[in-house]
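In case you want the letters, here they are:
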Amino acid sequence: MVDAGIGALRQLRRIHVDSDEIDAVLITHWHFDHYAGLPALFKSRKRTRPLYIYGPNLSIPARLYLIGLLRSTPVYFQAVTENFSKDCGDIHIKTVPTVHDILSLGWVLTEIVPGERSGKRRIVISGDTRPAQAILSAAREADLLVHEATYPDKHANRAYTHEHSTVTEAANLAIKARVGALALTHIGHRYSKLSALKEAEKVFPLVLVPSPLDRICIEAVSDGAARENSGWGHVKIMGNR
Ligand SMILES: [Zn+2]
Ligand SMILES: [Zn+2]
């Protein structure tokens, strides 16, 4: 699980995922909208399996909010830096430095497959960030780039001031990195998803604006097979289950 906003536990229940099934929560940064759902998640667990939390050093508000909880259930928090990587179940997880107003990390999730099959599926998740060179490098030919797009282009100055990205900035990154698809998240609640979609599609051909609980299907493709163009068409929103 990557980040846990408010209501995260309720959303998990709606898709019939038991919180005990979760092995790890990868936190991008300690802003409230990214960790408010952790206490409910911790409390819902049956204390059978450990839950690992990986994220940057806790901010003071996060420390106060989570104090006690980190000890009350088998929850292990590990502060990680921009060079962290680890196998976690059947996924290899790795951090990427990003640019936000507090210490913030993106996450790269790469499928672990037995043998040396090429074309392991890879997802890059930006968290909250300005467009970042490290995200671009990590996202090169990734199957899916999940990038924040807090502001529409007309508010590019706000994106700059608040260290977020605009829709077009996210789409430019996707085209430069030649990713399979771009999923826009963290769209400001005053802006419509449809206009974000249209704005991004002017730059990059395969844009998804997922709704809560949507599943995204990524078909495995072998390296080089369909990757000459950006947006190579093997990633689809399946709707919610
Ligand atoms: Zn945020
Ligand atoms: Zn933030």
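Definitions and limits used
- Residues numbered from 1 in each chain as written.
- Chains lettered and ligands numbered in written order.
- Predicted model: local features only at pLDDT ≥ 70, side-chain atom pairs only at ≥ 80, totals over all residues.
- Helix = DSSP H or I, 4+ residues; strand = E, 2+ residues; numbered from the N terminus.
- Domains from an automatic or database assignment.
- Contact = placed C-beta atoms within 7 Å.
- Nonpolar A, V, L, I, M, F, W, Y, C, P; charged D, E, K, R; others polar.
- Pairing = 2+ DSSP bridges.
- Axes fitted to C-alpha atoms, helices over the stretch in contact; angles between N-to-C directions.

## Points about unusual backbone geometry
Line of reasoning, step 1. A positive phi angle is found at His16, which is not glycine, with a value near 60°.
Line of reasoning, step 2. Tracing the backbone through its elements, the reader meets His16 in the loop between helix H1 (8-14) and strand S1 (24-26).
Line of reasoning, step 3. The backbone of His186 sits at a positive phi, close to 60°, despite the residue not being glycine.

## Description of the domain arrangement of the chain
Line of reasoning, step 1. One can read the domain layout of the chain as domain 1 (1-80) and domain 2 (85-241).
Line of reasoning, step 2. Of note, the centres of domain 1 and domain 2, computed from C-alpha atoms alone, are 23 Å apart.
Line of reasoning, step 3. Contacts between the two partners involve 15 residues from domain 1, matched on the other side by 18 residues from domain 2.
Line of reasoning, step 4. Of all the secondary-structure elements, those providing two or more residues to the side of domain 1 that touches domain 2 are H1 and S1.
Line of reasoning, step 5. Its residues assigned to classes, the side of domain 1 that touches domain 2 comprises seven nonpolar, six polar and two charged.

## Quick notes on the sheet that holds strand S10 (residues 207-208)
Line of reasoning, step 1. Here we have seven strands laid out as an open sheet, ordered S4-S5-S6-S7-S8-S9-S10, and mixed in their pairing. In the strand order of this sheet, the two ends are held by strand S4 (85-88) and S10, each with one partner.
Line of reasoning, step 2. In this structure, strand S7 (residues 122-125) lies alongside strand S8 (residues 144-148), joined through three bridges in parallel fashion. What sits directly across from Val124, in S8, is Leu145.
Line of reasoning, step 3. Here helix H8 (residues 167-177) sits on the sheet and contacts S8, strand S9 (181-185) and S10; the angle it forms with S8, its principal contact strand, is near 155°.

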